[in-house]
Each structure stands twice: as structure tokens, then as C-alpha cells.
Amino acid sequence: MSQNNAKIIAIVTTKAENVKGGGMPIFIRQTKEELQDTSKNLEKILDAAAHELDESTMLIVAR
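Criteria and cut-off values
- Residues numbered from 1 in each chain as written.
- Predicted model: local features only at pLDDT ≥ 70, side-chain atom pairs only at ≥ 80, totals over all residues.
- Heavy atoms only, no water.
- pLDDT = per-residue confidence, 0-100.
- Helix = DSSP H or I, 4+ residues; strand = E, 2+ residues; numbered from the N terminus.
- Pairing = 2+ DSSP bridges.
- Buried < 20%, exposed > 50% of the residue type's maximum accessible area, 1.4 Å probe, protein only.
- Polar contact = N/O pair within 3.5 Å; in protein donor to acceptor, adjacent residues only side chain to side chain.
- Contact = heavy atoms within 4.5 Å.

Enquirer: Give a detailed account of the confidence of the model for the protein, specifying residues and quantitative values.
Expert: In the predicted model, the protein carries a mean pLDDT of 92, and 95% of its residues have values of at least 70. Across the protein, helix α1 (residues 32-45) holds the top mean pLDDT of 98, while strand β1 (residues 7-13) sits lowest at 95.

Enquirer: Please set out the pairing of β1 residue by residue, giving values where relevant.
Expert: Of the strand pairs in this sheet, β1 and strand β4 (residues 57-62) are connected by 6 bridges, and their pairing is antiparallel. Bridge pairing in β4 links Thr13 to Thr57. Note that β1 and strand β2 (residues 26-28) share 3 bridges and pair parallel. Bridging from a neighbouring strand, Val12 pairs with Phe27 of β2.

Enquirer: If you had to explain the side chain of Thr38 to someone new, which residues and values would you point to?
Expert: Relative to the helices and strands, Thr38 is located in helix α1. Classification of Thr38 by relative accessible area gives buried; the value is 14%. For Thr38, the side chain forms a polar contact with the side chain of Arg29, separated by 2.8 Å. In this structure Thr38 touches Val12, Phe27 and Arg29, once residues within four positions along its chain are discounted.

Enquirer: Can you tell me about unusual backbone geometry, naming the residues and giving the values?
Expert: At Asp47, a residue that is not glycine, the phi angle is positive and equals roughly 50 degrees. Here Asp47 shows up in the loop between α1 and β3 (48-54). Under the relative-accessibility criterion, Asp47 is labelled exposed at 54%.

Below you can see the structure in the form of C-alpha cells.
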């Protein structure tokens, strides 16, 4: 059985009030379009995966 050690490396959100610290970069965006664009760019730059937590928050996870 393989072990999955996924690690969140960044958060992108439109609702800063929902994010409480955590020791990782947090990118605050104004619109859902900016949220999606930033998430896609980080996914490519960091060779990571972007996952939608809810409509206002994306998690960038190391592959």
C-alpha cells in the first residue's frame, strides 16, 4: 500500500477573513477569475496541483 504525503504549499482565496495563518503563502484575490488565474499559474510554476476547497478558496498541493 502506497502512502500519500500530500503537502499544501499555498492558498489562493477571495475571502481573507477565512484564512488563519498556517505558515504558507496566501494569495488574496478580488474576483473568482483572478482566483482561477492565479491558481493555474501557481500550478504550472510550482509543478503542483490546484484543488478547489470551496468557491472562494483554492489549495495548491505539491505533487
